[in-house]
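Structure at a glance
Residue-level listing of the chains:
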Amino acid sequence: MSTGKLFVFSAPSGSGKTTIVKHLLTKPELQLDFSISATSRYQREGEINGKDYYFLSASDFQKHIENNDFVEYEEVYKDNYYGTLKTELERIWALGKNVIFDIDVIGGLNIKKQYPEQTLAIFVSPPSVEELERRLRFRQTESDEKIQMRLDKAEREIAEAPKFDVILENHDLETAKQDAFKLITDFLNK
Ligand code: 5GP
């Protein structure tokens, strides 16, 4: 099967990567399609199964692991599994499109390792851990305990940033969106 390019966006939760990815998906000239991950976490209000994620039970997720169905998967938070199914990449490549991922740092680096030439791995960097905390609290989707869990993880993730192809600073969202668009255009024209 002919394969398109892969654009990985990884970042600590709250750094704005999802907003940037959603913006890029509105640009038809980039020919992007979103890699819908499978997850065993609960479905948040407003999320759609088969659009935001494929929501699976823990046992179904486990079966896919045993069948070797994942390109990469990970227990991102305790008892919450996330992974990219091989069938998802095949689905997008069959459409003749490029894949865009919103995935955690370890998963992102795993994709890059498996498809080194085709992948542009972008780390979206928040201005600071303090700003990240402010954004996560503003979002009001998680308990204090969960926010603390995400902040602890963020500090570990920021340490991995140098392993990415590019670090995209998100101090100002509009600038970050434009920078991301240019990074993708340049990589597609390479
Ligand atoms: P959330 O629960 O906020 O939707 O996502 C939690 C974290 O899991 C985010 O950092 C998100 O990017 C990451 N994630 C989503 N899908 C995948 C995936 O397929 N693989 C990996 N490794 N991480 C993922």
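My aim in this report is to walk through the structure given alongside it, one point at a time.

Parameters at a glance
- Residues numbered from 1 in each chain as written.
- Predicted model: local features only at pLDDT ≥ 70, side-chain atom pairs only at ≥ 80, totals over all residues.
- Heavy atoms only, no water.
- Near = heavy atom within 4 Å.
- Polar contact = N/O pair within 3.5 Å; in protein donor to acceptor, adjacent residues only side chain to side chain.
- Areas by Shrake-Rupley, 256 points an atom, 1.4 Å probe, with all protein chains shown as cover.
- Helix = DSSP H or I, 4+ residues; strand = E, 2+ residues; numbered from the N terminus.
- Axes fitted to C-alpha atoms, helices over the stretch in contact; angles between N-to-C directions.
- Parallel < 35°, antiparallel > 145°, perpendicular 65-115°, else oblique.
- Left-handed = near helix turned anticlockwise from the far one by under 90°.
- Contact = heavy atoms within 4.5 Å.
- Nonpolar A, V, L, I, M, F, W, Y, C, P; charged D, E, K, R; others polar.
- Pairing = 2+ DSSP bridges.

What follows concerns the site of the ligand. Lining the immediate environment of the ligand, one finds 17 residues, of which Ser-37, Arg-41, Tyr-53, Glu-72 and Tyr-82 sit closest. For the ligand, a nitrogen atom lies 2.7 Å from a polar atom in the side chain of Glu-72. Here the ligand loses 95% of its free accessible area of 520 Å² to cover by the protein chains. Elements with a contribution of two residues or more to the shell around the ligand: strand 5 (70-77) and strand 6 (80-85). In terms of residue count, the dominant contributor to the shell around the ligand is strand 5 (4 residues).

Packing of helix 1 (residues 17-25) against helix 7 (residues 173-188) brings their axes to within 10 Å, and their N-to-C directions diverge by 55°. Regarding the angle of helix 1 to helix 7, the classification is oblique. In this structure, the crossing between helix 1 and helix 7 has a hand that is right-handed. Of the residues in helix 7, those touching helix 1 at Thr-19, Ile-20, His-23 and Leu-24 are Leu-173, Ala-176, Lys-177, Ala-180, Phe-181 and Ile-184. Residue composition of the contact of helix 1 with helix 7, grouped by class: 7 nonpolar, 2 polar and 1 charged.

What follows deals with the sheet that holds strand 4 (residues 53-55). Pairing between the strands of a sheet is mediated by backbone hydrogen bonds and can be parallel or antiparallel. Across the sheet, 4 strands lie side by side as 4-3-6-5; this open sheet has mixed pairing. Each edge of the open sheet carries a strand with a single partner, namely strand 4 and strand 5. Neighbour-to-neighbour, the strand axes of this sheet turn through a mean angle of 25°, independent of strand direction. Summarising the sheet, strand 3 (residues 37-39) and strand 4 pair through 3 bridges and their orientation is parallel. The residue bridging Thr-39 from the neighbouring strand is Phe-55, located in strand 4. Along the sheet, helix 4 (residues 105-114) contacts strand 5 and strand 6; its crossing angle with strand 5, the most-contacted strand, is approximately 165°.

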